[in-house]
Amino acid sequence: MRRSEIRENIFKLVFCGDFHSQEEIPEQVDIYFEDLPEVTEEEHAYMVEKFDHIKERIDEIDEKINQVAKGWKTERMGKADLAILRLAVYEMLYDEDVPVKVAINEAVELAKKYGGDESPAFVNGILGKIA
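Below, the structure is looked at part by part. Treat the numbers as computed from the prediction; the structure is a model and nothing was measured.

1. Remarks on helix α1 (residues 3-17)
The end-to-end C-alpha separation of α1 is 21 Å, in line with the 21 Å expected for 15 residues at 1.5 Å each. Of the residues making up α1, those classed as buried are Ile6, Arg7, Glu8, Asn9, Ile10, Phe11, Leu13, Val14 and Gly17. Those residues of α1 that are buried are in contact with α2 (25-34), α3 (41-56), α5 (79-94) and α6 (100-114).

So this is what it looks like as structure tokens:
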């Protein structure tokens with residue numbers, strides 16, 4: 001699986017996490033991976049680990065987003081845009097394996113695919129301020 005596909009799956013996990021309680025998330029993660037039979041054990045472990053790291057830092061990540069998002073606090077953002085931003089901010093600030101420019105570019109691509117018409121520019125603007 002390509003890195004961008006792995007990132008897209010992590011985005012989907014982050015997105016899904018917004019709709020479930022902490023107690024439900026492990027079961028939801030298991031259900032999600034049932035539909036991905038082509039995932040290797042290594043890829044599965046990497047995606048779950050990264051998702052867990054994002055969840056652990058969600059308050060810090062949201063604070064960073066809120067500091068730069070004038071008039072658009074995380075509570076008001078679309079769920080897809082917010083999940084994309086959370087993943088990208090995590091990669092930018094806490095994942096040394098992902099260059100900042102790659103995190104931003106991949107986030108914009110996810111916004112084009114999963115967000116609204118204004119999402120790519122919105123995501124790019126927020127991440128540009130954080131970078």
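2. Digging into helix α7 (residues 119-130)
At 3.6 residues per turn, the α-helix brings residues three or four places apart onto the same side. Taking 1.5 Å of rise per residue, twelve residues should cover 16 Å, and α7 covers 17 Å from first to last C-alpha, within 8% of that figure. Looking at α7, one finds that the buried residues are Ser119, Pro120, Val123, Ile126, Leu127 and Ile130. Looking straight down α7, one finds its buried side chains confined to an arc of 140 degrees; they lie on one side. Every exposed residue of α7 that faces more than 90 degrees away from the buried side is listed here: Ala121 and Lys129. Looking at the buried side of α7, the elements it contacts are α4 (58-68), α5 and α6.

3. Observations regarding the packing of α4 against α7
Viewed as axis vectors pointing N to C, α4 and α7 meet at an angle of 100 degrees, and their least axial separation amounts to 9 Å. Relative to α7, the element α4 is oriented roughly perpendicular. Here α4 contributes Lys64, Ile65 and Val68 to the contact with α7, which in turn contributes Ile126, Lys129 and Ile130. Its residues assigned to classes, the contact of α4 with α7 comprises four nonpolar, no polar and two charged.

4. Digging into the packing of aromatic side chains
For the coordinates displayed, the defined rule picks out six aromatic pairs. The interplanar angle of 40 degrees and the centroid separation of 6.2 Å between the aromatic rings of Phe11 and Phe15 together place this pair among those described as tilted. Taken as a pair, Phe11 and Phe15 lie in helix α1 at a separation of four residues, close to a single helical turn. For Phe11, a relative accessible area of 3% gives the class buried.

5. Quick notes on the side chain of Arg7
Its location among the elements puts Arg7 in helix α1. Since its relative accessible area comes to 6%, Arg7 is described here as buried.

6. Section: the pattern of salt bridges
Oppositely charged side chains can pair when the atoms bearing their charge come close. Here the structure, examined in full by the defined rule, presents twelve salt bridges. In this structure, Lys79 engages Asp18 in a salt bridge whose closest nitrogen and oxygen atoms are separated by 3.7 Å. In this pair, Lys79 is assigned in helix α5 and Asp18 in the loop between α1 and α2, connecting sequence segments 61 residues apart. Judged by its relative accessible area of 37%, Lys79 is partly exposed. A salt bridge links Asp62 to Arg86, with the nearest nitrogen and oxygen atoms 2.7 Å apart. Taken together, the residues Asp62 in helix α4 and Arg86 in helix α5 connect sequence positions 24 residues apart. Exposure remark for Asp62: the relative accessible area of 11% places this residue in the buried category. Salt bridges sharing common partners tie together Arg7, Lys50, Glu91, Asp95 and Glu106.

Rules and cut-offs
Residues numbered from 1 in each chain as written. Predicted model: local features only at pLDDT ≥ 70, side-chain atom pairs only at ≥ 80, totals over all residues. Heavy atoms only, no water. Helix = DSSP H or I, 4+ residues; strand = E, 2+ residues; numbered from the N terminus. Expected span 1.5 Å × (residues − 1). Buried < 20%, exposed > 50% of the residue type's maximum accessible area, 1.4 Å probe, protein only. Contact = heavy atoms within 4.5 Å. Arc of directions from axis to C-beta. Axes fitted to C-alpha atoms, helices over the stretch in contact; angles between N-to-C directions. Parallel < 35°, antiparallel > 145°, perpendicular 65-115°, else oblique. Nonpolar A, V, L, I, M, F, W, Y, C, P; charged D, E, K, R; others polar. Phe/Tyr/Trp six-rings, centres within 6.5 Å; stacked < 30°, edge-to-face > 60°. Salt bridge = Lys/Arg side-chain N within 4 Å of Asp/Glu carboxyl O.

All we've got here are geometric facts, nothing functional implied.
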